[in-house]
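# Structure at a glance
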Amino acid sequence: MTSKVINFSKYSSIKIGQEVEVSILESCSDYSDKYYLLGSCNNTLIGKNPPPLMILSKKYDYIKIEDNLLKIGGATPSGKIASFCKKHNIANFEFLSHLPGTLGGLVFMNAGLKEFEIFNNLISISTCKGIRIKENIDYGYRFTNIDTPILEATFTIEYGFRKDKVVIFKKMRANQPSTPSAGSCFKNPIDDYAGRLIEAVGLKGKRVGEMEFSKVHANFLVNHGNGTFKDAIYLIEKAQKRVYESFGIKLECELIILGKSA
Ligand SMILES: Cc1cc2nc3c(=O)[nH]c(=O)nc-3n(C[C@H](O)[C@H](O)[C@H](O)COP(=O)(O)OP(=O)(O)OC[C@H]3O[C@@H](n4cnc5c(N)ncnc54)[C@H](O)[C@@H]3O)c2cc1C
């Protein structure tokens, strides 16, 4: 099996982590449960001593139309999917033009923006445990019960790419920070907003070292430069404690935490 060294302080969107030797999944015979499979690390925070990591090989970076269905490899970046859909006049994937990730990460997280979610047009996924149709997968808001590498996903095609939607999604991003982050730090609790709760307990703009609950949008934990895993965890735990004490609400992390502080 091949591997490569990835420097997570450059690779991850939150710019935290160290150099780690990461195995490359060329075929399912390379995979076992001991590995944690990553996509492009736009939703993941890597600390010291993470589990053995794996990424999909570049051979899973493709997108094609076959039998009037859209087939996308697990390692395909969201930007490539959005560009392909624009070029081929395909609707419903416009939200991916401003949502970073790979197809595997997007499907595993059921990533989305407002009412647009990657599961909307999904038919099935091809995984290391065979084909799974959407109806046999438990999924919801930023949640699925997928427990195996996603190699490919198949989607229905509706024609009519909407440039106006891309403009709307871009505007939605205007109230979010451009400083490095892993996207939303916490999932929104039912009928509430994590950002509102963080602000209500006085943590909007709270900075420890170079990590901060952004002044632009409190649910974005941003890295001003050399922020550390330890400071990120401190802020996450502080917000969870304060919100629980004040509102009785347990904030659940949306970002995935791998490894420890030391
Ligand atoms: C600025 C910014 C804005 C964001 N805005 C949004 C938003 O509006 N909506 C939203 O939903 N998310 C948002 N995110 C989060 C992120 O874009 C999504 O969660 C995306 O799906 C992550 O994809 P990834 O490939 O980087 O996944 P990673 O972070 O690498 O992994 C995330 C999870 O997916 C799993 N995974 C990855 N690849 C596979 C695979 N092939 N098979 C099985 N499991 C896999 C991993 O094991 C991990 O559990 C944002 C992030 C940033 C940085």
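Quick summary incoming for the structure in this document. (Residues numbered from 1 in each chain as written. Predicted model: local features only at pLDDT ≥ 70, side-chain atom pairs only at ≥ 80, totals over all residues. Heavy atoms only, no water.)

Let's shift gears to the sheet that holds strand β7 (residues 69–73). Here we have five strands laid out as an open sheet, ordered β6-β7-β14-β10-β11, and antiparallel in their pairing. Looking at which strands have only one partner, the edges of the open sheet turn out to be β6 (63–66) and β11 (130–133). Mean inter-strand twist for the sheet, computed between neighbouring axes without regard to direction, equals 20°. Strand contacts of helix α2 (residues 78–87): β6 and β7, with the helix running at about 40° to β6, the strand carrying the most contacts. (Pairing = 2+ DSSP bridges. Helix = DSSP H or I, 4+ residues; strand = E, 2+ residues; numbered from the N terminus. Axes fitted to C-alpha atoms, helices over the stretch in contact; angles between N-to-C directions. Contact = heavy atoms within 4.5 Å.)

This part takes up the site of the ligand. Around the ligand sit 32 residues in total, of which Tyr36, Leu37, Pro100, Thr102 and Gly112 are the nearest. In this structure, an oxygen atom belonging to the ligand sits 2.7 Å away from a main-chain N or O atom of glycine 39. Contact between the ligand and glycine 112: a nitrogen atom at 2.6 Å from a main-chain N or O atom of the residue. For the ligand, whose free accessible area comes to 980 Å², the fraction covered by protein is 93%. Listed by contribution, the elements that provide at least two residues to the shell around the ligand are β3 (36–38), α3 (103–109) and β8 (112–113). (Near = heavy atom within 4 Å. Polar contact = N/O pair within 3.5 Å; in protein donor to acceptor, adjacent residues only side chain to side chain. Areas by Shrake-Rupley, 256 points an atom, 1.4 Å probe, with all protein chains shown as cover.)

Honestly, it's all geometry; don't read function into it.
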